[in-house]
Structures are given as C-alpha cells and as structure tokens.
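Breakdown of the fold
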Amino acid sequence: MAASFTLVRTDDETDACAALAGQIMQECLASFSCSGNCERKIDAEACKKGILQRIEQDSVEYYLIKDGDQYVGILSFHPFDEGAPTAKLYLPDKHRSKGYASEAFSFLEGFCRGRDLEAIWLDVNKNSRRAIEVYKIKGFSTMRMHTTPLDEACLMDDFAP
C-alpha cells in the first residue's frame, strides 16, 4: 500500500471529494443524535457547493487520499490558527485499520515541515473514540474542547487533540 495525496483543484476532484465526504458523513451520522435540520447541515458540509465554498472563501485545502485507482479518504487543512493548521482526516469505515491514517500523519508532518510549522491541530468529535485512540497513539494530546451548535437540537462536541 502506498497512498498518494492529491490537492483538490479540478471539477472531477471536487466531485470525487464530495462523493466520498457524503459517504463518510452518512456513516458518522449514526454517532450523533441529530434532527433533520442537523442532518441537512452536515450534508451541506459534504456537498460539492459546500466544499467549493470552504476552498474559495475559507482557504481550506482538501486532499484526496488515493490508493491505486481508488479514493480511500480525505484530509483537509483549515486556515492557520496560532501558527498551525487545523487538520481533519476522514476515512470511510471500510478503509480504516489499513495504514492510511499513518500515511496521512506522515504527509501532515511533511506539510508542516515544508511550511516551517511546528504544530498540527486536529479536530475530532468527542464520540469518535476509535479516532481519538489513533491520534493518541500517534502522539497527539487533547488540548481543548469546543462545541458548535448545528441546530437547536444538535451540538457538535469536538476535542482538539
């Protein structure tokens, strides 16, 4: 296995990113108790329009993680905060425990070295125990927690390890 990381730039890459994000978000919805409004907001985050908006307006960089001819995940970098990128790693259930997270962390380290950055912030939902354990194994620690209201009945409680 040797994953590659492609910066999302083209229309086809954006379509692939949105399709994969939609699949991953549907898997994640099972761990949240959300109303229909919340589901629509989460779905909007995973759609092509939402991804393009974050790229254009918020300077988010999306990378498709590819193994051979198959997309296996998404890595995103949000604008720099306190001299460090906020990264998010998304892998569908069927592609977990296959080494892609380790390759993503190596890519993240190279990304930071190439931009003379000394830290990486990762956001993770506090209910994503499996992801939190992986992050801890990789040497990350919990630094803060923040809650984002998605609607009147749904909160996104995230740790920033």
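Fair warning: this is a prediction, and the values are worked out from it, not measured in the lab.

**Looking at the overall build of the protein chain**
When you go through the protein chain residue by residue, the secondary structure sums to five helices and eight strands. For the protein chain, the succession of helices and strands along the chain, N to C, is β-α-α-α-β-β-β-α-β-β-α-β-β. For the protein chain, the residues scored as buried account for 42% of the 161 residues in total. Long-range contacts, defined as pairs at least 24 residues apart, comprise 57% of the intrachain contacts of the protein chain with a sequence gap of at least 6. For the protein chain, the computed accessible surface area is about 8,800 Å², with 49% contributed by carbon and sulfur atoms.

**Topic: the side chain of Arg54**
Checked against the element boundaries, Arg54 lands in helix α3 (residues 48–58). Once you skip the residues sitting within four places of it in the chain, Arg54 turns out to touch Glu45, Ser59, Val60 and Tyr62.

**Here we look at α3**
Residues of α3 that are buried: Gly50, Ile51 and Arg54. Within α3, the buried residues cover an arc of 100° as seen down the axis, which keeps them to one side. α3 presents Lys49, Glu56 and Gln57 as exposed residues on the side facing more than 90 degrees away from its buried surface. Following α3 by one or two positions, Ser59 adopts a phi angle in the positive range, close to 60°.

**Examining the confidence of the model for the protein chain**
Taken residue by residue, the protein chain gives an average pLDDT of 78. The fraction at 70 or more is 73%. Note that pLDDT drops below 50 for residues 154–161; the model gives that stretch 49 contacts with residues more than four away or on any other chain.

**Quick word on the packing of aromatic side chains**
Under the criterion given, the structure shown has five aromatic pairs. Their ring planes at 80° and their centres at 5.4 Å tell us that Tyr63 and Phe77 sit as a pair that is edge-to-face. Of this pair, Tyr63 sits in strand β2 (residues 61–67) while Phe77 sits in strand β3 (residues 70–81), and the two are 14 residues apart along the sequence. Residue Tyr63 shares its accessibility class with Phe77, and that shared class is buried. Put simply, the rings of Phe5, Tyr63, Phe77, Phe107 and Phe111 pair up and form one aromatic cluster.

**Quick notes on unusual backbone geometry**
The phi dihedral of Ser59 is positive, around 60°, even though this residue is not glycine. Along the chain, the position of Ser59 falls in the loop between α3 and β2. With phi around 65°, Ser97 is a residue other than glycine that occupies positive phi space. Assignment of secondary structure puts Ser97 in the loop between β4 (84–90) and α4 (100–114). On the basis of relative accessible area, Ser97 is assigned to the exposed category, the value being 70%.

Calculation notes
- Residues numbered from 1 in each chain as written.
- Predicted model: local features only at pLDDT ≥ 70, side-chain atom pairs only at ≥ 80, totals over all residues.
- Heavy atoms only, no water.
- Helix = DSSP H or I, 4+ residues; strand = E, 2+ residues; numbered from the N terminus.
- Buried < 20%, exposed > 50% of the residue type's maximum accessible area, 1.4 Å probe, protein only.
- Contact = heavy atoms within 4.5 Å.
- Areas by Shrake-Rupley, 256 points an atom, 1.4 Å probe, with all protein chains shown as cover.
- Arc of directions from axis to C-beta.
- pLDDT = per-residue confidence, 0-100.
- Phe/Tyr/Trp six-rings, centres within 6.5 Å; stacked < 30°, edge-to-face > 60°.

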